[in-house]
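# Survey of secondary and tertiary structure
So the chains spell out like this:
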Amino acid sequence: MYTNFEYDKTLVKCHPSARQLMVEQMEFYAFAHFTVNTFTDKEWGDGTEPESVFNPTELDADQWVDALKSAGIGGLILTCKHHDGFCLWPSAYTEHCVKNSPYKDGKGDVVKEVSDACRRGGIRFGVYLSPWDRNCRLYGTEEYNDYFCNQLTELLTQYGDIFTVWFDGACGEGPNGKRQVYDWDRYYALIRRLQPDACIAICGPDVRWCGNEAGDTRPSEWSVLPTGFADPDEVAKNSQQSDDTAFREKKIDAMQRDLGSREFLFGNTGLNWRPAETDTSIRPGWFYHAGEDDKVRSTETLLDIWYRTVGGNSKLLLNIPPDRRGLFHEVDVQRLREMGEYIRHTFAVNLAEKAVITADRDDGYHLPDALKVNSYDAYYKPFDGDNQVTLTIALDGVQNVTHVVIKEHIPMSQRVESFVIEARNADGTYTEVYAGTTIGYQKIAKFDGIATDEVRIRITDSRVCPVLSFIGVY
Ligand code: FUL
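Criteria and thresholds
- Residues numbered from 1 in each chain as written.
- Predicted model: local features only at pLDDT ≥ 70, side-chain atom pairs only at ≥ 80, totals over all residues.
- Heavy atoms only, no water.
- Helix = DSSP H or I, 4+ residues; strand = E, 2+ residues; numbered from the N terminus.
- Rg over C-alpha atoms; globule rule 2.2 N^0.38 Å.
- Buried < 20%, exposed > 50% of the residue type's maximum accessible area, 1.4 Å probe, protein only.
- Polar contact = N/O pair within 3.5 Å; in protein donor to acceptor, adjacent residues only side chain to side chain.
- Contact = heavy atoms within 4.5 Å.
- pLDDT = per-residue confidence, 0-100.
- Pairing = 2+ DSSP bridges.
- Near = heavy atom within 4 Å.
- Areas by Shrake-Rupley, 256 points an atom, 1.4 Å probe, with all protein chains shown as cover.
- Nonpolar A, V, L, I, M, F, W, Y, C, P; charged D, E, K, R; others polar.

### Some remarks on the overall build of the protein
- The helix and strand inventory of the protein stands at 12 helices and 16 strands.
- Radius of gyration (C-alpha) of the protein: 23 Å, near the 23 Å computed for a compact globule of 474 residues.
- The principal-axis extent of the C-alpha atoms belonging to the protein is close to 75 × 50 × 35 Å.
- Taking all 474 residues of the protein together, 59% fall into the buried category.

Below is the structure:
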């Protein structure tokens, strides 16, 4: 039990699994919400929608993938079945699916089209399968667990490699509705068997829901959390309980702001690696509504969310809902392209590559030069117990600097609690340009441009000695 911070042995053992490390390094990936709701103009279908409503006229998953790639997005999660129970693939276990829709005369398979397009385009593919099913008559019985496992098996065996299985916590059953006892352990075992490299997200052990749908983030995001935190029941309690626009706009509440400080960890008996994922939509709704074509978030807002998530130790899961044609809308496509152009341009030249990086202490083996290479093959480390270090990046002459990127070597856990970045002025004094708390997978520090020949990063506190894998200066 943590009554003091002599807990380094536990902490260093708390680090990402191989599948978590894969998703950490993806940084930014997409959601596509698509089902009967797209055609009924709803956010939550009730399961009574006739299959005949589902009829995209120009579905082109390559168009989705091209648009995603223009933003630098490396993966896509498709709502294969949302709460209405309608399956985008021809499931053998239900009639409520594409095979009874007019789409391609019932011969279509949207999951196949999208997973094939992802593979062709070189991005990863993931599945969203809503545990809550408002159509299935088995829902609320033990047989529903069989039904759900059968559907999972179809998705995990017919569509190639799956990088993540996304289990939504949302469940809006009313007091008279049926309650399903989900057999999570059985679902998890099935996924581990059929797709051992896939993460299980949200109601699952590998990726943690950030706690809101608005794109809100914590100033200090920790991946080291107490054991048992974010169990499926707790996720469900905090998730959307009804089709509710206000919920989608609500920010993280005060109680949920701090999940990882020393104070929060006091009294807990174990730690788990639980990286945060921020899921939010490019539009007000998760599904496409023509009435929201003029409410697509601005590129500026989207980039702000990107900085706070990708640059703030969370993952960004951005939803782009296909429209009734089965295409990403032109406005959304333009936003994605603008995001990608900005990001590529801003981070095109890493000034640290031609710099000389030194540290006021190291352990003699893990030298600061390793920080120039963005990989976990080598890292910088001082001696255990050296919890405060200063890294100096002497640039190749005076440069205008606007960003510093820092990555912890998370295979050895998350350690840093606070740091400052300073830039040397012509007269030899230093100006503080940024003060931060956690780093974790990655911190992107953005500040007003400053002309300088030397950037200094001072780690002012760390739980165990800091271990870093990369520094970028732009
Ligand atoms: C929520 C759902 O109720 C929404 O419809 C959407 O799928 C979102 C990602 O999760 O909990």
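### Considerations on the side chain of Thr278
- Position of Thr278 relative to the elements: it lies in strand 9 (residues 276–281).
- Exposure remark for Thr278: the relative accessible area of 1% places this residue in the buried category.
- Reaching out from Thr278, the side chain makes a polar contact with the side chain of Ser314 at a distance of 2.8 Å.
- Setting aside residues up to four positions removed in sequence, Thr278 forms contacts with Cys210, Gly215, Asp216, Thr217, Thr309, Ser314, Lys315, Leu316 and Leu317.

### A closer look at the confidence of the model for the protein
- Overall, the prediction assigns the protein a mean pLDDT of 94, with 97% of residues at 70 or greater.
- Within the protein, the lowest mean pLDDT, 72, falls on helix 1 (residues 8–13), and the highest, 99, falls on helix 5 (residues 110–121).
- In the model, residues 1–5 has pLDDT below 50 throughout and makes 14 contacts with residues more than four positions away in sequence or in other chains.

### Looking at the pairing of strand 14 (residues 430–436)
- Here strand 13 (residues 416–424) runs beside strand 14; their pairing, made up of six bridges, is antiparallel. In the sheet register, Val420 faces strand 14, and the bridge partner there is Ala435.

### With respect to the site of the ligand
- The environment of the ligand is made up of Phe31, His33, Trp44, His82, His83, Tyr128, Asp168, Ala170, Glu213, Gln240, Asp279 and Trp286.
- In the environment of the ligand, an oxygen atom lies 2.9 Å from a nitrogen or oxygen atom belonging to the side chain of Trp44.
- In this structure, His83 approaches the ligand through a side-chain N or O atom, which is 2.9 Å from an oxygen atom.
- For the ligand, the accessible surface in isolation is 290 Å², of which the surrounding protein chains cover 98%.
- Looking at the shell around the ligand residue by residue, the classes come out as five nonpolar, four polar and three charged.

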